[in-house]
Amino acid sequence: MRDNMTDDSADSLNDVVSQFTSYEDFLDSKITASALYYLEDEELARQLVELGQWGTVLTREEFQSRKVSPSLRNQHRTLASAGKELKDNFLKALAEREENNRNGTLTSIIFIRDRNAGVQEVSGYIDYAHRLQTEDFEAYFSGKKRLMPRRSDLSFYNWRTQMSTSQSSPNYEVITDQPSGLVFQNKTDRKVLELNPWVGPIMRNHDADLPIGLVKAASGDNWSRSEVKSDLYVQVVIYDHKTRSITLTPYPAQ
């Protein structure tokens, strides 16, 4: 009897999860219009829901472990951008990079700056390959949704509330304790990228300001920076990294 109840509960949770394309959509379904009106901050409202302020909810890990999407299972056979008539330059740029980010030959970082649903300016860096693995991008390529930075991405900043978060992904380690600011380390070839919007990506190669264990690399090695003019966003920059597994020599201990 207990096993049947457990199975029914699991099926019920799977049904709930299958209704949403992302964890953020799931959180949004728990936010009332009045709560959003008084908080005036969509990200804060999501955070309160996730913390259980308005009732118990699935954790992000539980949601993602139960998430079953036919399009994600078949992503190696069918690209989300396939057959779509894409007009905006940003969507075209995503489509051009989709297959290589899925197969691991490229790991792109997307910087987006724009206004959220609450008309607050937000910005952040997104691990494109990781998002492709955890979301159904058909909604983005079809224009039903806009790709926006989230608190669960590599970095997120709300310019009005000054809320700032950073989160490592399966592809990148976020390093926040450096004098120059935010840098990302690719977990495959261990190359370190310092993101500077004025001069482009810099592979830092100065012994003095790299932590012990980070890999010395030539400036711009395997990286390219593309600023994309889009009608959908205030600013978009895509950093493409050609990944490769090679033997690299770390800095010696001082």
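Keep in mind it's a predicted model, so treat the numbers as computed, not measured. (Residues numbered from 1 in each chain as written. Predicted model: local features only at pLDDT ≥ 70, side-chain atom pairs only at ≥ 80, totals over all residues. Heavy atoms only, no water.)

## Structural notes on the packing of aromatic side chains
Note the cut-off: Any Phe, Tyr or Trp ring, taking Trp's six-membered ring, that has another such ring centre within 6.5 Å forms a pair; planes under 30 degrees apart are called stacked, those over 60 apart edge-to-face, and the others tilted.
Applying the stated rule across the entire model yields nine aromatic pairs. Here Y157 and W159 contribute two aromatic rings whose centre-to-centre distance is 4.8 Å and whose plane-to-plane angle is 90°, an arrangement assigned as edge-to-face. Aromatic ring contacts, followed pair by pair, group F111, Y125, F184 and Y239 into a single cluster.

## Thoughts on empty space enclosed by the protein
Basically, it comes down to this: Method remark: on a 1 Å grid restricted to protein atoms, a set of points is classed as a cavity if a 1.4 Å probe fits but cannot get out and as a pocket if it is open with protein on both sides within 12 Å along at least five of seven lines; lining residues have an atom within 4 Å of a point. Grid points are joined across faces, edges and corners, and a volume is the space filled by probe spheres set on the points. Only DSSP runs of H or I reaching four residues or more are called helices, and only runs of E reaching two or more are called strands; each is numbered from the N terminus. Any residue that is not Ala, Val, Leu, Ile, Met, Phe, Trp, Tyr, Cys, Pro, Asp, Glu, Lys or Arg is counted as polar, Gly included; the first ten are nonpolar and the last four charged.
The full count for this structure, using the stated rule, is one cavity of 30 Å³ or more. Approximately 30 Å³ is the volume attributed to the largest cavity. Lining the largest cavity we find E24, L27, E43, R46, R60, R150, R151 and S152. Of all the secondary structure elements, the ones that give two or more residues to the lining of the largest cavity are α2 (23–28) and α4 (42–50). Among the residues forming the lining of the largest cavity, the class breakdown is one nonpolar, one polar and six charged.

## Quick look at the sheet that holds strand β10 (residues 235–242)
Cut-off, in case you're wondering: Two strands qualify as a pair provided that DSSP identifies no fewer than 2 bridges between them. Under this scheme, a helix contributes an axis fitted over its contacting stretch, all axes are lines through C-alpha atoms, and angles between N-to-C directions fall in the 0 to 180 degree range. Contacts were defined at the residue level, with two residues in contact if any of their heavy atoms lie within 4.5 Å.
If you walk across this open sheet you meet the six strands as β4-β3-β2-β1-β10-β9, and the pairing is antiparallel. The outermost strands of the open sheet, each flanked by one partner alone, are β4 (164–166) and β9 (223–228). Taken pair by pair, the neighbouring strands of this sheet meet at an average axis angle of 10°, ignoring direction. Sheet topology places strand β1 (residues 106–115) next to strand β2 (residues 121–127); seven bridges connect them, and they run antiparallel. Bridging from a neighbouring strand, F111 pairs with Y125 of β2. Seen against the sheet, helix α7 (residues 89–103) touches β1, β9 and β10 and runs at an angle of roughly 155° to β1.

## With respect to the nonpolar core
Soluble globular proteins: nonpolar side chains tend toward being buried together. In plain terms, the rule: Take the buried Ala, Val, Leu, Ile, Met, Phe, Trp, Tyr and Cys residues and link them wherever side-chain atoms come within 4.5 Å; each set so joined is a nonpolar core. Three exposure classes are used, based on accessible area relative to the maximum for each residue type with a 1.4 Å probe and protein chains only: buried under 20%, partly exposed in between, and exposed over 50%.
Ranked by size, the top nonpolar core spans 23 residues in total, and within it F90, L94, I110, I112, F137 and L147 carry the most contacts. Listed by contribution, the elements that provide at least two residues to this core are α7, β1, β2, α8 (128–134), α9 (138–141) and β10. Of all the elements, α7 adds the most residues to this core, at four residues. The contacts of I110, once residues within four sequence positions are left out, are F90, L94, G124, Y125, I126, Y128, L147 and V237. In terms of nonpolar packing, the next biggest core, distinct from the first, is built from eleven residues, L154, Y172, F184 and W223 among them.

## Examining the confidence of the model for the protein chain
The test is simple: A residue's pLDDT is the confidence the predictor assigns to it, expressed on a 0 to 100 scale.
Chain-level pLDDT for the protein chain is 76 on average; 70% of the residues reach the 70-or-more range. Predicted confidence in the protein chain is weakest over strand β8 (residues 200–203), with a mean pLDDT of 47, and strongest over β2, with 96. Note that pLDDT drops below 50 for residues 197–219; the model gives that stretch 65 contacts with residues more than four away or on any other chain. Ignoring residues within four places in sequence, the model shows residues 246–254, a span with pLDDT below 50, making 21 contacts including any to other chains.

## Side note on unusual backbone geometry
Unusually for a residue other than glycine, Q162 sits at a positive phi of about 60°. By the element assignment, Q162 lies in the loop between β3 (155–158) and β4. Residues other than glycine seldom take positive phi values, yet R190 does so here, at roughly 65°. Looking at the secondary structure, you find R190 in the loop between β6 (181–186) and β7 (192–196). The partly exposed category is assigned to R190, whose relative accessible area is 30%.

## A word on the pairing of β10
Burial runs high along β10: seven of the eight residues are buried. With eight bridges joining them, β1 and β10 adopt antiparallel strand pairing. Of the residues in β10, the one forming a bridge with I112 is V236. Here β9 runs beside β10; their pairing, made up of six bridges, is antiparallel. Paired with V228 across the two strands is V236, which belongs to β10.

## Here we look at the side chain of S169
Looking at where S169 falls in the secondary structure, it is placed in the loop between β4 and β5 (172–178). Once you skip the residues sitting within four places of it in the chain, S169 turns out to touch D127, H130, L154 and K187.

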